[in-house]
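Chain residues, written in single-letter form:
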Amino acid sequence: MRKLLVTLLAGGALLATGTPAFAQAAKPTLGPYGYGTVKLGMSATKARATGRIVFKMGAGAGSCSGWDLKAHPTGKGSVGLYISRKAGVAVILAPKGVRTPRGIGLGSTMKQVKKAYPRLRTSPSGFQYVSVPGNPKAYYAFIASKGKVRQLAFALNRQDCVN
């Protein structure tokens, strides 16, 4: 019986929900290095080669172009990520349903954010941010309204796309 149980678990046993265990674990998180195969710092060419992003707007006179994650298109006039000419993939904005490895996403309460990220700080412009655990080159920025996260950005410390 023990050998059978070990074999079932190793082969992707079904959970009580009927979903294979390996399928639940496959959902990408935002961080610590990227979102799925799209990584912070990756050049536009490499990011495009992942097949996971779609071009939305050119850099024009600025240094950053706007893109969307294919699986999470944004509306007109908005983008899901920015790619800098200098830094590569510089900012990824959390789409609905996507969470950090510590379970924070859009709609999380600021109380949950503070519990998950006790080193949370406030910027001079008023948004709260924290260094990404496991990646000292990146940070999460949380913009809240009525005590809930309305925007979540995952960005390189040296990004030159957004304030």
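Here, the structure is the one placed above.
Reading the values: rules and limits
Here the residue index of a chain counts from 1 through its sequence in written order. Where local features are concerned, this predicted model is filtered to residues with pLDDT of at least 70; where side-chain atom pairs are given and counted, the filter is 80 or more; whole-chain, interface and lining totals use all residues. By convention in this description, side-chain values take in all heavy atoms of the structure and omit both hydrogens and water. In this text, helices come from DSSP runs of H or I with a minimum length of four residues, and strands from runs of E with a minimum of two, each type numbered from the N-terminal end. Whether a residue is buried, partly exposed or exposed follows from its accessible area with a 1.4 Å probe, protein chains only, as a fraction of its type maximum: under 20%, in between, or over 50%, in that order. Side-chain atoms alone can form a polar contact between residues adjacent in sequence; in general such a contact is a pair of N or O atoms within 3.5 Å, and within protein one must be able to donate a hydrogen while the other accepts it. Remark: nonpolar core denotes a set of buried residues (Ala, Val, Leu, Ile, Met, Phe, Trp, Tyr, Cys) joined through side-chain atoms within 4.5 Å. Contact criterion: two residues are considered in contact whenever any of their non-hydrogen atoms come within 4.5 Å of each other. For two strands to be treated as a pair, DSSP must find no fewer than two bridges joining them. Only one rule defines a salt bridge in this text: a Lys or Arg side-chain nitrogen within 4 Å of an Asp or Glu carboxyl oxygen.

Enquirer: Is there a simple way to think about the side chain of Ser123 in this case?
Expert: Looking at where Ser123 falls in the secondary structure, it is placed in the loop between strand S7 (121–122) and strand S8 (128–132). Look at Ser123 and you get buried, because its relative accessible area is 9%. One polar contact links Ser123 to Ser125, side chain to side chain, over a distance of 3.1 Å.

Enquirer: Would you take a moment to explain the nonpolar core for this structure?
Expert: As a rule of thumb, nonpolar side chains are buried together in soluble globular proteins. Within the largest apolar cluster, 31 residues are counted, with the highest numbers of intra-cluster contacts made by Val89, Ile92 and Phe142. Where this core is concerned, the elements lending two or more residues are strand S4 (64–69), strand S5 (81–84), strand S6 (88–93), helix H4 (110–116), S8, strand S9 (135–145) and strand S10 (148–156). Setting aside anything within four residues of it in sequence, one finds Ile92 in contact with Leu30, Gly34, Tyr35, Val38, Leu40, Leu69, Gly80, Leu81, Leu152, Ala153 and Phe154. The next biggest cluster of nonpolar side chains, apart from the first, holds 11 residues, and it includes Val79, Ala90, Ala153 and Ala155.

Enquirer: Could you clarify how one ought to interpret the pairing of S10 in this entry?
Expert: When a strand is regular, its side chains alternate between the sheet's two faces. In this sheet, S10 lies alongside S6 in antiparallel orientation, the contact comprising three bridges. Bridge pairing links Leu93 to Ala153 in S10. Here S9 runs beside S10; their pairing, made up of eight bridges, is antiparallel. Within the sheet, the bridge partner assigned to Tyr140 lies in S10 and is Phe154.

Enquirer: Would you take a moment to explain the pattern of salt bridges for this structure?
Expert: Here the idea is simple: oppositely charged side chains can pair when their charged atoms come close. Applying the stated criterion across every chain, the model contains one salt bridge. One salt bridge connects Lys56 with Asp68, and the closest N-O pair in it is separated by 3.3 Å. In this pair, Lys56 is assigned in strand S3 (residues 53–57) and Asp68 in strand S4, connecting sequence segments 12 residues apart. On the accessibility criterion, Lys56 (31% relative accessible area) is partly exposed. Accessibility expressed as a relative area gives 5% for Asp68, which makes it buried.

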